[in-house]
Each structure stands twice: as structure tokens, then as C-alpha cells.
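Observations on the three-dimensional arrangement
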Amino acid sequence: MARYSPPSLRCFFRCAASSASRAVGSGTRKKNLVFLGSPQVAASVLDKLLGASGSPESAFQVAAVVTQPPAAKNRGRKLMPSAVAQLALDRGFPEELIFTPERAREESFLSALKEVEPDVCITAAYGNILPQKFLDIPSCGTVNIHPSLLPLYRGAAPVQRALQDGVAETGVSLAYTVRALDAGPVIACERFSVDECIKAPELLSMLFHLGSKLLINELPSILDGSAKDKAQPQDDSKATLAPKEKHHYDDIMLSTIKFDIIQQRKL
């Protein structure tokens, strides 16, 4: 994974920018999108973005990927990349542009991110707090895919909490990231009816699937700045919180991985 070498990144992006400009026509360059995510549900979003960016008509390119550092897994405790990092590698994404900082506030990481010159950053279950120094970098802002109808269920465990509460409806929101937890203006949302038999891993996967489609549809307005004009401030008086309970979170992420494996075997 990348070890933040600004001179080499400058060289890489001079070449990348030239190639992107040729791809979309003289005088126009593709906008740089940086994706941040870690688990399997986030990998599915990255897959959609990589696919969409490959279109000749696409206005953006995935310029870098940010994810959690490799972690010890299985009985051998071998260090393994996150699901997002593995998907990026499998898709042939340059390893030097997969960043794995321990904390997003690391100066070496922030310097490397500036070299990428992101126009927009997209987060999906990244699992790391983003400091203001990070949020100040992308010119079009940072947008998060959140699996709830904000301002309901702000926090790390919105799906689990919604099911515990027995809701008949939930959904997914695209919202600008601000320093306050999941409190930024909402660009768009999509509702989803909750079947009483549905389990958390399946619902989480479905919501991120909906969220990725919603993101692709909204990216043009995010990149041209018009999304900021239409984004609606959240009503903080209606906000509810969905804090993470560690054992519940670990269980759902493990179950989500198993669910995705089963689904892939059916294909």
C-alpha cells in the first residue's frame, strides 16, 4: 500500500491528468474523486464507481482509494487488506494510490492527499474520523453514503438500531460531511420498506447498493457545485443516534461478509 511519497505522486498525476484530458476532449479534464471505505459493503460502492468512471462520457476518475490498514485475520493472524483495498487491487488499481493511514489526521497522509488534488471525496463505512484539515482539501466537498433517512439514526450502527426499533421504513442518504456526526446537509435520499423477516446484513447490503446508484445519479450535480444549492439542512430537533455496540457491530460485519460470499456463489 502507499507510503505517501509526494514527488512520485506529482509525477504520476501529471501523467494521469494528461491522459484524462485526452479521454474527455481538449481543454477538459476528468474530476478527481477519492473514495474512502473499508468493509465489503463499501467495496461494492467502489466497484460501481470504478465501472462508471471507465465510461468515455464520465466526468470523473477514481484518483485514489483510502481505507483501513491491513488487519490480522483468521487463525493464522495473517495481515490481510480491507475488502476495499482487495477490490481495488483486483481491479488493477495502482497500489501506490491506495492509502492506509492509521488516522486521517496524519500529516504525511494529508500531504499525499493534497498531491492527488481531489475535487470530491466520497465516504462509505470508512471507519475513521475526518478532521477539518481533511474536509478543507476537496474543492467540491466530502459526501457520505449513510444507511438511514437522516437525521434519523446518526452514528455507526443505523441499520442495527432501526431493526431493533422495529421500523417499517428506512433508507439511505447522501449528505455532505461536516465535523458534527452525520449532521451535514442532505443532497438526496431514497426510502426502503423493511420486511419483518429481513436481517441486518442483507438490509445493510441493500441500502449501500441503493446508495451507490443514488451517488452515481447525483455526482454530476456534486461536481458542478449545484448539489450544494439544493442540499437540505437537517432538522437537529428530529435527530436520533445510533451508536456502535462493539459486539453487535463485529457480529453484523462478519455476517455481512458471509452474506456477500453466499450471494457471489449464487451468480
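Source: prediction; values computed, not measured. (Residues numbered from 1 in each chain as written. Predicted model: local features only at pLDDT ≥ 70, side-chain atom pairs only at ≥ 80, totals over all residues. Heavy atoms only, no water.)

1. Concerning the overall build of the protein
Where we set the bar: Segments assigned H or I by DSSP are reported as helices when at least four residues long, segments assigned E as strands when at least two residues long, and all are numbered from the N terminus. Per-residue accessibility, obtained with a 1.4 Å probe over protein chains only, is compared with the maximum for each type, and a residue is labelled buried under 20%, exposed over 50%, and partly exposed between these values. Here the accessible surface of atoms and residues is derived via Shrake-Rupley with a 1.4 Å probe, and residues count as covered only by protein chains that are part of the display.
The helix and strand tally for the protein stands at nine helices and nine strands. Among the 267 residues that make up the protein, the fraction classed as buried is 48%. Counting only carbon and sulfur atoms, one obtains 53% of the accessible surface of the protein, whose full area is about 13500 Å².

2. So, the pairing of strand β7 (residues 142-146)
Looking down a regular strand, the side chains alternate between one sheet face and the other. Filter applied, for reference: A pair of strands is labelled paired if DSSP reports no fewer than 2 bridges between them.
Within β7, five of the five residues are buried, which leaves the element mostly enclosed by the surrounding structure. Neither face of β7 is exposed, since T142, N144 and H146 on one face and V143 and I145 on the opposite face are all buried. Where strand β6 (residues 120-124) lies against β7, three bridges are found, and the strand directions are parallel. Bridging from a neighbouring strand, C121 pairs with T142 of β7. Two elements, β7 and strand β8 (residues 169-176), share four bridges in a ladder whose sense is antiparallel. Bridge pairing in β8 places N144 opposite A175.

3. Considerations on unusual backbone geometry
A cis amide bond links L150 with the next residue in sequence, P151, at an omega value of 15°. Relative to the helices and strands, P151 is located in the loop between β7 and α6 (158-164). Backbone geometry at Y153 places phi at a positive 55°, although glycine is not the residue there. Looking at where Y153 falls in the secondary structure, it is placed in the loop between β7 and α6. Non-glycine residue D182 carries a positive phi angle of around 50°. With respect to the helices, strands and loops of the structure, D182 is situated in the loop between β8 and β9 (186-193). Since its relative accessible area comes to 18%, D182 is described here as buried.

4. Brief notes about the sheet that holds β7
Pairing within the open sheet is mixed, and its seven strands lie in the order β5-β2-β1-β6-β7-β8-β9. This sheet does not close on itself; its edge strands, each paired only once, are β5 (98-99) and β9. With seven bridges joining them, β8 and β9 adopt antiparallel strand pairing. Bridging across to β9, L174 finds its partner in A188.

5. Digging into the confidence of the model for the protein
Low-pLDDT portions of the prediction should not be read for the details of their coordinates. Definition in use: Confidence of the predictor at the level of single residues is given by pLDDT, which spans 0 to 100. Whether two residues are in contact is decided by their heavy atoms: any pair within 4.5 Å suffices.
Overall, the predicted model of the protein reaches an average pLDDT of 88, with 82% of residues at or above 70. With pLDDT under 50 throughout, residues 17-23 is counted as low confidence; its partners more than four residues away or in other chains account for seven contacts. Low pLDDT, under 50, characterises residues 260-265; the predicted model gives this stretch three contacts beyond four residues in sequence or across chains.

6. A few points about the side chain of T123
The condition is simple: The term polar contact refers here to a pair of N or O atoms within 3.5 Å; inside protein, the definition further demands a hydrogen-donor-capable atom paired with an acceptor-capable atom, and it admits residues adjacent in sequence only when both atoms are side-chain atoms.
The topology assignment puts T123 in strand β6. Using a relative accessible area of 5% as the deciding quantity, one classes T123 as buried. A distance of 2.8 Å separates a polar atom in the side chain of T123 from a polar atom in the side chain of N144. The contact partners of T123, leaving out residues within four places of it in the chain, are L36, L130, T142, V143, N144, I145 and T177.

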